[in-house]
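Examination of the molecular architecture
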Amino acid sequence: MAENRTIPAQAGPPSDVERIKRESNYLRGTLAESLLDEITGGLPHDDERLMKFHGSYQQDDRDLRNERAKQKLEPAYQFMVRVRAPGGVVTPEQWLVLDRLAQEYGNGTLRLTTRQSFQFHGVLKRNLKPTIRAVNEVLLTTLAACGDVNRNVMCNPNPYQSDIHAEVYQWAAKLSEHLAPKTKAYHEIWLDEEKVADSRGEEEEPIYGPVYLPRKFKIGIAVPPSNDIDVFSQDIGFIAIVEDGKLAGFNVAAGGGMGMTHGDPTTYRSLRASSAFAGRSS
Amino acid sequence: MQLLVTNSPFNEEQTELLNRLLPQLTESQRLWLSGYLTAYGSLAAFAAAPSGTPAQTPGLPSAPAASATGAASLAAPVSAPQPVSNEVTVLYGSQTGNAQRLAKSFSEKLKQHGFQVELSSMSDYKTNQLKKVRNLFILVSTHGEGDPPDSAISFYEFLHGKKAPKLEGTRFSVLSLGDSSYEFFCKTGKDFDKRLEELGAQRIAPRVDCDVDYDEPAAEWMEQAIQALLGASQSSAVPAEAAAALAGAAVLPQVSVPVGGAAAVATVAAVAGTATAVVEKAAPAYSRTNPFQAEVLENLNLNGRGSTQETHHLELSLEGSGFQFEPGDCLGIFPQNHPELVDELIAELGWNPEQLVVVNKQGEERPIRDALLNQFEITVLTKPVVEQLANLSGNSGLKELFAPGQEHRFREYANGRDLLDLVRDYSLRGLPASDLIPLLRKIPARLYSIASSQLAYPDEAHLTIRTVRYEAHGRTRYGVCSSLIADRVQPGDTLPVYVHHNPNFKLPSDSGTPIIMIGPGTGVAPFRAFLQEREEIGADGKAWLFFGDRNFLTDFLYQVEWQRWLKDGVLTRMDVAFSRDRKEKVYVQHRMLEKSRELFRWLEDGASVYVCGDEKHMAHDVHKALLSIIAREGGLNEEAAEAYLSDMQKQKRYQRDVY
């Protein structure tokens, strides 16, 4: 039985990140200039936040922190770069490129994340562009691997397991594509595409708008009997319904989430709060 | 009052005699003597070839009435004043200020002896005056591989070129400064000496070539030069002056205000920048010859973990030293030799480390180990020393290195080798320490640009010292001072130091003047002082720094300080080049060329350009880049661009501290 429940808006002013997003001109900020600044290996605070949408987090080598401060050197800034691929599926050619980038620009390791993404660590600021460009050239992307957007869509990593699996993978890819940010910022900054004067600001981000989502959003598709992607922990979980050997539609589960703020009882992890059925036509 | 070699026209023996005799004289004996000498002097004047003699001796301290009148009345019959030979021109070519300082001191002495002195830097001297000069003294250092210092280049070229005048009526002498660890030791001085003779001038005192320890030989040269001058000009100034001196007139200290006030007419041509009154008037108790033991406050490695280099930031306390310095000045450190090397050397020579040896002219004795550790140079092979060792040892193989026409043989051998190598390669074991040690050169002080401003850190001096370590001829070698700092010095230890003023590397006196600083590696040290100073005085002039090194992550010396200054606006722009971060090597000159339009605009706005650091390649490449920028942005041909830069140099807007 469906139940209507209104969750009240959270009290208090918006987080500073909202201002940063709004002022960023669809995730541009001053990233282009900051990347060229050779006096520091890090990014200014606002650009650091925006970097997440582009698929990267700024970090620094913790072990060297105190030592370097005494030596009048800034922290040893370095970046984590995350590559998004629905279901974690990549071609052999793509894998080899990831392997090479991990060694050439990363710290020699390649991590597979719990959301089926690929992660480099230890990338220096001056190598972000070549890394991200190489990823895109092999038809992968880092865009929306992090940040307040829909993240990597999860599904069974083996599309060859059955026809259903292949079809489900296509749905994951479609969802991923549909919900990806449309901003040209990514291409301008990393792929050297020309900035196009666009007066119709609204068109730049038809789904997300200028401030994107309040937080990350996670989607996963499960093919029973396997729940390898932990469907009920996703914000939206799709469970494939098979009838007569064909994919009929999905049960939709919503409201899962792993996020919580430690010590804040108004935040908590949860499993799906509601469900519905979506047929193929919907 | 004591007569000294340095404040009178007498040599050591004479001052000794006079200082013994004079205090014994009674009043009447003194009076008799002064008259006697006056007569003696004027007789000599008539007897010798007549050259101009001044009737009066300007600028002498007033002597007690009796002897002065006596002298004056006897001096009266002597010929009328002919000022020409009383005029002396002293020209100096200085890179780091030593020759300049000596020239100033020399000109003071000349004035004390009653001469009219024109003192000038070679770069400021109007060459068309040269042919009129009757008495010419040149004090010049040699730089790099036998080159004249920057400020001497144009005069050097003039003298060696077609426009050089015949100088048959000119008397001269040359003092040259240098470092015998370089093959072309004192070459510039030698060149001037030879050329002046070629032009027909008359050498009145032999040229003296000074090694790094120049105080004594320079004083001797000044002594000889003055004596020769006095003898040549045959002036009655001698007796009158002697009378004044004998009558117990005040002995003038060496570093002081000009003698006698109004009477002394001396044209002091524009001297380089800012030899400050502070430096001149307050003669500190501590100096190069009496270094101050400075306590180490801080000693840390500036290069991040994983770097291929090691650069130490050293903070020294100068409290109690009385030292005063400005940004651009250097600190000299007298280092110790590495104890292991000393022990190895002693063992190789078969000496007893405790045995006493004489270590100086005064006859002081020290144990061998102590002497080699603290006083003598054992890491660089210099030609004069090795030649003497060759003679001492009688080793034919060693002597062969000095075969005439085979200069390259010594040079090739000496390159990268030290005394220990020599002892081993030429079996010098057994040579007595008492014979060998006196041949060694005193350990020279190492100079480092001071990386702090006294306004920001009143009782301290900070230094930026790169550790030199390398392999050569099968052994690990190291910079004596830099390795001492890197390995064996901690907070609480002391180092013997002194301040070396560098009048040719100074901030513009107008703090609104834009400055462009180019300082890769440790060359950035004085610019830290520049910016600290400008920050303290609230300067509003723009500042642009070019820095370079090997790797951004580990070698960006003082990174957070530049970042803060950029944020605060004390530093307007900064460009960096890290040569080993990418495949293509990029250096500061490339960054300069990339910003050529902006850089030229700063030059047109009156910016002063400072270059500090490696001489061999960087300074040369930066110079070329500047010319290139001036030519391109100013629309000038090569010659005009060089004139532009040369002009800037004359205006003190292009200054270099390169090594």
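Note that the coordinates shown come from a computational prediction; the quantities given were computed from them, not determined experimentally. (Residues numbered from 1 in each chain as written. Chains lettered and ligands numbered in written order. Predicted model: local features only at pLDDT ≥ 70, side-chain atom pairs only at ≥ 80, totals over all residues. Heavy atoms only, no water.)

**What to know about the overall build of chain A**
Looking only at helices and strands, chain A features 8 helices and 8 strands. The dimensions of chain A, computed from C-alpha atoms along their principal axes, are 65 × 50 × 45 Å. Within chain A, buried positions represent 45% of all 282 residues. When contacts within chain A are restricted to residue pairs at least 6 apart in sequence, those whose partners lie at least 24 apart make up 62%. Approximately 15600 Å² of chain A is accessible, and the part contributed by carbon and sulfur atoms is 53%. (Helix = DSSP H or I, 4+ residues; strand = E, 2+ residues; numbered from the N terminus. Buried < 20%, exposed > 50% of the residue type's maximum accessible area, 1.4 Å probe, protein only. Contact = heavy atoms within 4.5 Å. Areas by Shrake-Rupley, 256 points an atom, 1.4 Å probe, with all protein chains shown as cover.)

**Considering the interface of chain A and chain B**
The partner chain B presents 22 residues to the 15 residues of chain A that form the contact. When chain A packs against chain B, close to 1800 Å² is buried across both sides, 52% of that on carbon and sulfur atoms. Summed over the shared surface of chain A and chain B, the result is 3 salt bridges. A salt bridge links R305(B) to E67(A); the nearest nitrogen and oxygen atoms lie 2.9 Å apart. Counting every contact that joins chain A to chain B gives 11 residue pairs in polar contact (both at pLDDT 80 or more). Along the lines of polarity and charge, the residues of the side of chain A that touches chain B split into 4 nonpolar, 3 polar and 8 charged. (Buried area = accessible area lost by both parts, 1.4 Å probe. Salt bridge = Lys/Arg side-chain N within 4 Å of Asp/Glu carboxyl O. Polar contact = N/O pair within 3.5 Å; in protein donor to acceptor, adjacent residues only side chain to side chain. Nonpolar A, V, L, I, M, F, W, Y, C, P; charged D, E, K, R; others polar.)

**Re the pairing of strand β15 (residues 475-478) of chain B**
Residues and elements named next belong to chain B. As defined by bridge partners, strand β14 (residues 469-472) adjoins β15 across 4 bridges and the pair is classed as antiparallel. Bridge pairing in β15 links E471 to T476. Between the antiparallel neighbours β14 and β15 lie 2 residues, among them H473 with a positive phi of about 50 degrees. (Pairing = 2+ DSSP bridges.)

**Examining helix α7 (residues 163-178) of chain A**
Residue and element names in this part refer to chain A. An ideal rise of 1.5 Å per residue puts 22 Å on 16 residues; α7 measures up with 22 Å between its terminal C-alpha atoms. What α7 keeps buried is the set I164, H165, V168, Y169, A172, L175 and S176. Along the long axis of α7, the arc covered by the buried residues comes to 135 degrees, so they all point the same way. α7 presents D163, E177 and H178 as exposed residues on the side facing more than 90 degrees away from its buried surface. Buried residues along α7 sit in contact with β5 (219-222), β6 (236-243) and β7 (246-254). Where α7 begins, the capping side chain belongs to S162, and its oxygen is found 3.2 Å from the backbone nitrogen of I164. (Expected span 1.5 Å × (residues − 1). Arc of directions from axis to C-beta.)

**A few points about the pairing of strand β7 (residues 292-301) of chain B**
Residues and elements named next belong to chain B. Both β7 and strand β16 (residues 494-500) contribute to a ladder of 4 bridges, which runs antiparallel. Along β16, the bridge assignment pairs A294 with L495. As paired strands, β7 and strand β8 (residues 311-317) are joined by 6 bridges and run antiparallel to one another. Among the inter-strand pairings, L300 is bridged to a residue of β8, identified as H313.

**Looking at the side chain of S452(B)**
All names here are of chain B. Relative to the helices and strands, S452 resides in the loop between β12 (446-449) and β13 (460-466). Of note is the side chain of S452, whose polar atom sits 3.0 Å from the backbone nitrogen of H462. Those residues in contact with S452, other than ones at most four positions away along the chain, are F325, Y457, E460, A461, H462, R528, A529 and Q532.

**Side note on the sheet that holds strand β21 (residues 654-658) of chain B**
Residue and element names in this part refer to chain B. The strand order β19-β18-β17-β20-β21 describes an open sheet built from 5 strands, whose pairing is parallel. Two strands close off the open sheet at either side, each with one partner strand: β19 (573-578) and β21. Going across the sheet, the axis of each strand differs from the next one's by a mean of 10 degrees, ignoring polarity. Sheet topology note: the strand β18 (residues 543-549)/β19 ladder contains 6 bridges and is parallel. For W544, the partnering residue across the bridge sits in β19 and is R573. (Axes fitted to C-alpha atoms, helices over the stretch in contact; angles between N-to-C directions.)

**Let's talk about the environment of D228(A)**
Residue and element names in this part refer to chain A. As for its position among the elements, D228 is in the loop between β5 and β6. Using a relative accessible area of 42% as the deciding quantity, one classes D228 as partly exposed. With residues near it in sequence (within four places) discarded, D228 still touches N156 and P157. For D228, the side chain forms a polar contact with the side chain of N156, separated by 2.9 Å.

**Describing the pattern of salt bridges**
Within this structure, the stated rule accounts for 55 salt bridges over all chains. In this structure, D60(A) and R65(A) form a salt bridge, with 2.9 Å as the shortest nitrogen-oxygen distance. Its relative accessible area of 38% is what places R65(A) among the partly exposed residues. A salt bridge links R573(B) to D575(B), with the nearest nitrogen and oxygen atoms 3.9 Å apart. What makes R573(B) partly exposed here is its relative accessible area of 24%. Via salt bridges that share partners, D193(B), E197(B), R203(B), R207(B) and D209(B) belong to a single interconnected network.

**Some points on the nonpolar core**
Soluble, globular proteins show a tendency: their nonpolar side chains are buried together. Residue and element names in this part refer to chain A. Counting residues in hydrophobic clusters, the biggest one holds 52 residues, and the most contacted among them are F120, L128, V168, W190 and I221. With 5 residues, α7 is the largest single contributor of residues to this core. Excluding anything up to four places from it in sequence, F120 contacts F79, M80, V81, V83, L98, L101, A102, T109, L110, T131 and V135. (Core = buried A, V, L, I, M, F, W, Y, C linked by side-chain atoms within 4.5 Å.)

**Looking at unusual backbone geometry**
All names here are of chain A. A cis geometry characterises the amide bond from P224 onward to P225, with omega recorded as 10 degrees. Despite not being glycine, Y26 shows a phi value in the positive range, around 55 degrees. As for its position among the elements, Y26 is in the loop between α1 (16-23) and α2 (31-36). Of note in this structure, D192 is not a glycine but carries a positive phi near 55 degrees. With respect to the element layout, D192 can be found in the loop between α8 (185-190) and β5.

**Concerning a negative patch on the surface**
Residue and element names in this part refer to chain B. A cluster of like negative charges, contributed by E12, E13, E16 and E220, occupies part of the molecular surface. Tracing the backbone shows E12 in helix α1 (residues 12-21). Residue E12 is classed as exposed on the basis of its relative accessible area of 64%. (Patch = residues over 30% accessible without salt bridge, like charges linked within 9 Å, V, L, I, M, F, W, Y side chains within 5 Å. Lys, Arg positive; Asp, Glu negative; His and termini not counted. Charge placed at Lys NZ, Arg CZ, Asp CG, Glu CD.)

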